[in-house]
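# A closer look at the structure
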Amino acid sequence: MTSMRYLPHTPEDIAAMLKAVGIDSLEGLFGHIPEDCRRKEALNIPESLTEWELNDHIDTLAGNMAVSPEYKVFMGAGSYEHYVPSAVSFLLGRSEFVTAYTPYQPEMSQGTLQAIYEYQTLTSRLLGMEVANASQYDGASALAEAMLMAIRVSRKKTVAVSRAVHPLYRRVLETYLKPTDLEIRELPYLSDGTTDLSPLKDMDDLGGLAVQSPNFLGCMENLADIKQTLQNKKALLVVCFSEPLAYGLYKNPGQCGADIACGEGQSLGIPRSFGGPALGMFASKMKYVRNMPGRLVGQTVDLDGKRGHVLTLATREQHIRREKATSNICTNHSLCALAAVMYMATLGGSGFKELARLNYDKSEYFKAAIKQAGFKLPFSRATFNEFVVEFPAGFKKTYQRLLKKKIIAGFPLDGFYPELKNHYLLCVTETMHKEDLDNLVQEISS
Amino acid sequence: MKETLGTTGLVFNEPLLWEKGKKGRSGFSLPRRDVEKHAIDEKLEGDGPDFPDLSEVDIVRHYTRLSQWNFSVDSGMYPLGSCTMKYNPKTNERQSAQPGFALAHPLLPRRLSQGVLKLMFELEQYLTEITGMDATTLQPAAGAHGELTGMLLFYAYHKSKGTPRSKIIVPDTAHGTNPASASLCGYRSILVKSNERGVLSPQAVAEIMDEDTAGIMVTNPNTLGLFEENIKAVSDIVHARGGLVYGDGANMNAIMGIVNMGDLGIDVLHLNLHKTFSSPHGGGGPGAGPVCVRKHLEPFLPVPRVVNKNGKYELSEDFPDSIGKLHAFYGNVGVMIRAYSYILSMGPAGLKKVSQLAVLNAAYIKDNLKGTFHLPYDRPCMHECVFSDKLQEPYKVTTLDIVKRLMDYGFHPPTIYFPLVVSGAIMIEPTETESKEDIDLFIESLKAIAKEAQDQPELLHAAPRKTKRRRLDETSAARKPCLSG
């Protein structure tokens, strides 16, 4: 049978093993399960496919998707297209990394452990923070865990979240907090595309404030002012992000006074994969480390005094603390963290900076061209590689026409922000050529 | 015995990344600049990250050497109990890497993402059928995330009936994630002890189940590798008081095609696609933790849900009672593709065979090692068996010593010191993908170690010797944390 290539047992093996355990058939192995608990009918799923049939089937499904290079996708909104060096994909495929478990036995897992230690280090440097964990699931769950941590540290009951934080992250935060007695207060955004801090002055019980920078509207928040506003409050400043490449160009969250920096790391060498698996990046100040969620790798020595790495500070975690743990997270996104550190290391400090600048310059070129073509850029604030354009009423038709030409002209914002009718969020990374940008401007102008 | 698997060979030392960089090197082919530089707001501009600069060769050697310090399923048997470290088929990697999936933007217009939506829709159906439940969400990103989803479902269900209740019953054999997930939803865990047979007794549950208890979290088969034979009676007791039954499906590998979770009275069940459904564990994820429910909980499932409207697949938000969203997008699609490919490769007979052979392998190990190691619950096991270090106590040899020595023999250690109900537990889950020869060698190795424990205990105390590093000082790592370099 074709399906059995992962099952090494020959009929003779099975017979010998059954004999050894004193049972006469495979069915008999389940004889101790009460009769009324046993399934009578066979599983009603498709019959097994050969490897070659499966390839054909999957190719058909995967062929029914709109992806580059066939399509030009000017859409970011929390998921970004960047070139991934072959060396990264190739190394990430090494099965010593891929098929290992969480490194509970450090003597046999030094590869994963050192790599995650390096990920923690480069992440701390990128975000300007003192300590980063080994990963969360995605940007959204990282934000939710950050707000829970802010509450643990501050012992307050209210968190404030900017409306310019990714709308889907905010929904996940709401889901996490729903069964608790914690309150989420939303801060509106101003006409320049940054967060309106004025409602903060009436919030006495504030434990944490979350802003995203660059925010969902593409704008860089004025983090220095925000930090200033929080000065006399106990609240922790949580700076969230969905495009960490921006910190190759702009000041990082740590430099701006963030207590926790968290967000999505998909941008760093991880394929988009329809939204997952991605990478929840999470970092904070060292003084809060015992309140952090997630796994941490630390450096130590072995019996011979040689440097090595282990999972550490486990007393925060569910398998030791059980109901008193800082989080329930167990399996995280280790392999995605590995992809990110390989990507960061491959670019290096110089490459990271140059790539960030290229994203910015392309985006600025595109902005200028769109503006020159007579379209409105409603938000004046500085952006990185995405920005909002207000198109004339009826642009929907043009958008549909462009889809037929295999161009996805940004992400329509009215679903998340009903007040932003005809507003689209456009993204340009290094993967877009000048001709692609010129072509789109021409198309929307005609 | 034959030659042991474990040996020593030439492995390389490799410094930390930033100990080998040199300014002026680069490992990246910078995309061509075809636009001018634009001015930037100086107040916002930063210095860029302080990363080392390395060449591509530096990077490739670095990670190749690091990878060689890891043990993995592809190198050998990895019998971690409750972790189901089965072989990860390579065709699954090919499928999930198809550009149509790997490059797909999650917010693509729906008609341009029909392929992946169809796959997700069908995977939900297959998982629903395999578990014998009524509906499935694929959104949770890991097992513990699935548990959280389950607890949110409990909360939403009870709230819809009036009050969310405040307590949850958790057996003493439960995974640590269970109580941690429950407390995220404000539930206080009430411990129930398993009986002398290692399973739940209906009486013990009846004594603590009340109208303020939201339900019970049960792992079945449990972490002792035993089938919870009273599960139906336990479910009846919980249901009679208006509670719900949560099934931790971490151990689903034992019962595919054998038991319908829905028939046992389980209302909510999470699966680990990175255990039962063969997607690789990645050194700690990404996994995926789909949640299957019975009909009465379906309205509360996370959104968006994949729906089929006249042959067109859509993502629908139109479920007003939904608990909301657990993931920015739809979950770990790349992992779903692997699980889908696995299910289609195995087919109905194949999946049942998987469970039969997983149980056969565990039973064979249990019977062969009984007597060599103490077997606290000498009963028919499912896909894993739990021993202890009690027989080695006179030689001052512990579980930790035994499994560290096992490394020198070329095997990854089993799960140790868990479940907590067995002191010095050694929890072995071989999975179905290990051959009789490899299992025989594993048994022989453990027998040889038991003999060494008697004759040369110092060998065990000093183990491992053949690994890249010897035992590491975890105490000082925790006392003076050094978490970045």
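Keep in mind it's a predicted model, so treat the numbers as computed, not measured.

A few words on the packing of helix 10 (residues 334–372) of chain A against helix 12 (residues 434–445) of chain A. Residues and elements named next belong to chain A. Interhelical geometry of helix 10 versus helix 12 gives an angle of 20° and a closest axis separation of 10 Å. Between helix 10 and helix 12, the angle falls in the class roughly parallel. Handedness of the helix 10/helix 12 crossing: right-handed. Contacts between helix 10 and helix 12 involve Lys362, Tyr365, Phe366, Ala369 and Ile370 on the former and, on the latter, Leu437, Asp438 and Val441. Taken together, the residues of the contact of helix 10 with helix 12 break down into six nonpolar, no polar and two charged.

Contacts between the two partners involve 169 residues from chain B and, on the opposite side, 165 residues from chain A. Ranked by residues supplied to the side of chain B that touches chain A, first place goes to helix 9 (residues 333–369) of chain B with 21 residues. When the residues that make up the side of chain B that touches chain A are grouped by side-chain class, the tally is 85 nonpolar, 55 polar and 29 charged.

Another aspect to go through is unusual backbone geometry. Here Asn220 of chain B and Pro221 of chain B are connected by a cis peptide whose omega angle stands at -5°. For Pro221 of chain B, the position within the fold is in the loop between strand 4 (213–219) and helix 8 (231–240). In this chain, Ala463 of chain B is followed by Pro464 of chain B through a cis amide linkage whose omega measures 0°. Topologically, Pro464 of chain B is positioned in the loop between helix 12 (457–461) and helix 13 (474–479). Positive phi values are uncommon outside glycine, yet Asn422 of chain A reaches one of about 60°. When you line up the elements, Asn422 of chain A lands in the loop between strand 13 (411–412) and strand 14 (423–427). For Asn422 of chain A, a count of 17 C-beta atoms within 10 Å puts it in the partly exposed group. Even without being a glycine, Thr84 of chain B presents a positive backbone phi close to 45°.

We now examine the pairing of strand 8 (residues 280–284) of chain A. Residues and elements named next belong to chain A. Burial within strand 8 is extensive, with five of its five residues counted as buried. Covered by surrounding structure in strand 8 are Gly280, Phe282 and Ser284 together with Met281 and Ala283, the residues of both alternating faces. By the bridge criterion, two bridges tie strand 2 (residues 131–132) to strand 8 in an arrangement that is antiparallel. Residue pairing in the sheet places Ala132 in a bridge with Ala283 of strand 8.

In this section: helix 4 (residues 114–131) of chain B. In this model, helix 4 of chain B (18 residues) spans 26 Å end to end at C-alpha, consistent with the 26 Å of a helix rising 1.5 Å per residue. The positive-phi residue at the C-terminal boundary of helix 4 of chain B is Gly132 of chain B, with phi of around 75°.

The next point concerns the nonpolar core. In terms of nonpolar packing, the biggest core is built from 303 residues, with Leu143, Met147, Val238, Ala340, Met342 and Met344 of chain A together with Met336 of chain B touching the most fellow members. Not counting chain neighbours up to four residues away, the residues in contact with Met342 of chain A comprise Val88, Leu91, Leu92 and Gly269 of chain A together with Ile59 and Tyr63 of chain B.

As a further point, take the domain arrangement of chain A. All names here are of chain A. Each assigned domain of chain A is listed with its residue range as follows: domain 1 (72–84 + 349–445) and domain 2 (86–343). Taking the mean C-alpha position of each, domain 1 and domain 2 sit 27 Å from one another. Contacts between the two partners involve 26 residues from domain 1 and, on the opposite side, 28 residues from domain 2. For the side of domain 1 that touches domain 2, the elements supplying multiple residues, two or more each, are helix 10 and strand 11 (386–390). Of the residues in the side of domain 1 that touches domain 2, the class split is 13 nonpolar, eight polar and five charged.

Calculation rules
Residues numbered from 1 in each chain as written. Chains lettered and ligands numbered in written order. Predicted model: local features only at pLDDT ≥ 70, side-chain atom pairs only at ≥ 80, totals over all residues. Axes fitted to C-alpha atoms, helices over the stretch in contact; angles between N-to-C directions. Helix = DSSP H or I, 4+ residues; strand = E, 2+ residues; numbered from the N terminus. Parallel < 35°, antiparallel > 145°, perpendicular 65-115°, else oblique. Left-handed = near helix turned anticlockwise from the far one by under 90°. Contact = placed C-beta atoms within 7 Å. Nonpolar A, V, L, I, M, F, W, Y, C, P; charged D, E, K, R; others polar. Buried ≥ 20, exposed ≤ 12 C-beta atoms within 10 Å, placed from the backbone. Pairing = 2+ DSSP bridges. Expected span 1.5 Å × (residues − 1). Core = buried A, V, L, I, M, F, W, Y, C linked by C-beta atoms within 7 Å. Domains from an automatic or database assignment.

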